[in-house]
Amino acid sequence: MQDTVDMADDPEYEEEEPSFSDPEDFLDDIDDEELLGDILREKPQEADGIDSVVVVDNVPQVGPERLEKLKNVIHKIFSKFGKITNEFYPEADGMTKGYIFLEYAAPTQALEAVKNADGYKLDKQHTFRVNVFTDFDKYMNISDEWETPEKQPFKDFGNMRHWIEDPDCRDQYSVIYESGERTAIFSNDAKEPITVEERARWTETYVRWSPKGTYLATFHQRGIALWGGEKFKQIQRFSHQGVSLIDFSPCERYVVTFSPLMDTKEDPQAIIIWDILTGQKKRGFHCESSAHWPIFKWSHDGKFFARMTQDTLSIYETPSMGLLDKKSLKISGIKDFSWSPGDNIIAFWVPEDKDIPARVTLMQLPSRQEIRVRNLFNVVDCKLHWQRNGDYLCVKVDRTPKGTQGVVTNFEIFRMREKQVPVDVVEMKESIIAFAWEPNGSKFAVLHGESPRISASFYHVKNNGKIELIKMFDKQQANSIFWSPQGQFMVLAGLRSMNGALAFVDTSDCTMMNIAEHYMASDVEWDPTGRYVVTSVSWWSHKVDNAYWLWTFQGRLLQKNNKDRFCQLLWRPRPATLLSAEQIKMIKKDLKKYSKIFEQKDRLSQSKASKELVDKRRAMMEEYRHYREMAVQTYQEQRSLRLELRGGVDTDELDSNVDDWEEETIEFFINEEIIPLGDL
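What counts, and at which threshold
- Residues numbered from 1 in each chain as written.
- Predicted model: local features only at pLDDT ≥ 70, side-chain atom pairs only at ≥ 80, totals over all residues.
- Heavy atoms only, no water.
- Core = buried A, V, L, I, M, F, W, Y, C linked by side-chain atoms within 4.5 Å.
- Buried < 20%, exposed > 50% of the residue type's maximum accessible area, 1.4 Å probe, protein only.
- Helix = DSSP H or I, 4+ residues; strand = E, 2+ residues; numbered from the N terminus.
- Contact = heavy atoms within 4.5 Å.
- pLDDT = per-residue confidence, 0-100.
- Pairing = 2+ DSSP bridges.
- Axes fitted to C-alpha atoms, helices over the stretch in contact; angles between N-to-C directions.
- Phe/Tyr/Trp six-rings, centres within 6.5 Å; stacked < 30°, edge-to-face > 60°.
- Lys NZ or Arg CZ within 6 Å of the ring centre and 35° of its normal.

1. Some remarks on the nonpolar core
With 22 residues, the main nonpolar core has Val54, Val56, Ile74, Phe78, Tyr104, Phe128 and Val130 as its most contacted residues. Broken down by secondary-structure element, the contributors of at least two residues to this core are β1 (53-57), α3 (64-78), β5 (99-104), α4 (107-117) and β6 (129-132). No other element matches α3, which puts five residues into this core. Excluding residues within four positions of it along the chain, Val54 makes contact with Ile100, Phe101, Leu102, Tyr104, Ala110, Val114, Val130, Asn131, Val132 and Phe133. Among the nonpolar cores identified, the runner-up in size contains 18 residues, and Ala347, Leu376, Met416 and Val421 belong to it.

So, in structure tokens, the structure goes:
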């Protein structure tokens, strides 16, 4: 430090300052866009304000006495899309001309007005046509000459449903492990899983399959990516900063993403609906809370989607993404709603209000016709449970009957396929733990009671208008019901706090096929065919014993797959079968014939392992023979070199006359021991 000070004080020591000037012949070829592109993009743009103006046509023509009333109606309709800063009603001969100009505070609000109000039916004679004012310039400047659109290159992603063509009908599943660092896709096999694809940091949080299994969605800080095809190439990506939740439409045409970071008052970005094929944003929505995801619920065919807000049920239609009939349903006090999985029918319930009873309503869409209304009394809460085909709806009603303090549960069973939708009631006085419909049948299962006296009851909805209790198992260690996707078989599971108790049940005769345990199991997942079921302990819920076990539907354990910090397993869904009901019936009739073919294939697969071992050994022997031939050839080539190194002595022939040798035997005396006979 002292040396440094001395040098600075020395008058002869002068530190040379670096020059930052460009040479005289230097040419600056960097433009402002390259140097300051990100800053220039934020520079306020000059605008004349007309991009915030909309033109509304087909407005009623009125005189001065009705003008104020018309303005109030227009303001009420169009102020929903943003703040109106200016309005102009052209007049001629004391009457309005039938079109008006509205100016919004921001261009995004004007676009929202066009999107939602265009086609709005004011009355029988007047249907609004709404356009942004700048559209007039665009349409006026269209060339009269036809220009052929540029041909877009075709992107071949391969066979998007290749896994269904597997000759052994093996299903696939995704696995996330190493606390999310690695993601793998496996083909299921009874012996051991077969790796299809494995990548590091494929997703930042978790993955989701689309409803028909076509796409695998991965999550990233900047958005969502969809993968598919034989090699899982990237099919599409959607930029949505901070995305945390997604949902697919049942038809796989649209995907909905949610981000808590993106919402602004002028431009709704919290929820975005995207077109999967084009990657285009279809519409954005505000979102106050994502506590009940999905916010939007889809109809079974993807033609409609709906959301519930306070006293309002908003139903939108695709592909326009606009409100059905341009208006929402006003339903005072609506608590919950759910679409039928088989028809465009929506069910919703409303609680009691003073002297008005609670009610469950079934509404047909798009006609909005109420096909059934059920009044309920002394209601505490309701839950809507649809059977997978939409044949039945169960409304679980928690009630407090007059004169009692406890809660009684009624299961109101709506028979959707019968005239006037009759309703049957099953009453249970014990607390309900779980309820689940058989996917392809008319049975349902209920877990009820208090631990350790939990019972599992099985009911059958008969055609004669009765609901029959088939069987009840008492003293069950279970808190969840998992039906096979094909029905008949189920797993009663005691997850997490119940230490992973498992009961495999055949509901055709209500027999327990097996009772087992997967300690601290957190999840149960059936494969799409109903042949296999997986139980797992996720690292997200439990930090030790992370693994997934594969079972048959009968409860026979096939595999224990331990993965370091295993997180998630999801089976790849299958699309709906192309077989008709009659073809499926014929297959079931001839099942014994097909069983022989499958049994023969199973035996071949068992012997296949030994065949593979024999083939492997033969290949190793062939490799050895090839190596030996090469070694002998090299040995012969080096003969002259060996003779030279050893002075002409052919050491290769030293043991060539073995047959002329004489054998001599030499004996050595080692030891002698004398043992008296008397001692024996």
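2. Some points on the confidence of the model for the chain
Detailed conclusions should not be drawn from predicted coordinates in areas where pLDDT is low. Averaged over all residues, the pLDDT of the chain is 87; the fraction at 70 or higher stands at 90%. In this model residues 1-15 is a low-confidence stretch, pLDDT under 50, and it forms one contact with partners more than four residues away in sequence or in other chains.

3. A look at the sheet that holds strand β40 (residues 532-537)
Strands sit in the order β39-β40-β41-β42 across an open sheet of four strands; the sheet is antiparallel. In this open sheet, the two edge strands, each paired with only one partner strand, are β39 (523-526) and β42 (557-562). Direction aside, the axes of adjacent strands within the sheet are offset by 20° on average. Pairing of β40 with strand β41 (residues 547-552), which is carried by six bridges, proceeds in the antiparallel orientation. Of the residues in β41, the one forming a bridge with Val534 is Leu550.

4. Considerations on the packing of aromatic side chains
By the definition in use, this model includes 36 aromatic pairs. Considering the side-chain rings of Phe285 and Tyr316, the 5.3 Å spacing of their centres and the 75° angle between planes classify their relative orientation as edge-to-face. Taken together, the positions of Phe285 in strand β17 (residues 281-285) and Tyr316 in strand β20 (residues 312-317) put the pair 31 residues apart, joining distant regions of the chain. Across this residue pair, the class does not change: Phe285 and Tyr316 are buried. For the ring pair Phe296 and Tyr316, a centre distance of 6.1 Å and an interplane angle of 75° mean the geometry is edge-to-face. One end of the pair, Phe296, is in the loop between β17 and β18 (297-298); the other, Tyr316, is in strand β20, with 20 residues separating them in the sequence. By relative accessible area, Phe296 is classed as buried at 3%. One aromatic cluster is present, built from ring pairs that chain together Tyr254, Phe285, Phe296, Trp298, Phe305 and Tyr316. Between Lys543 and the ring centre of Trp539, over which it is positioned, the NZ or CZ distance is 3.5 Å. Positioned above the aromatic ring of Tyr635, the side-chain terminus of Arg642 is 3.9 Å from the ring centre.

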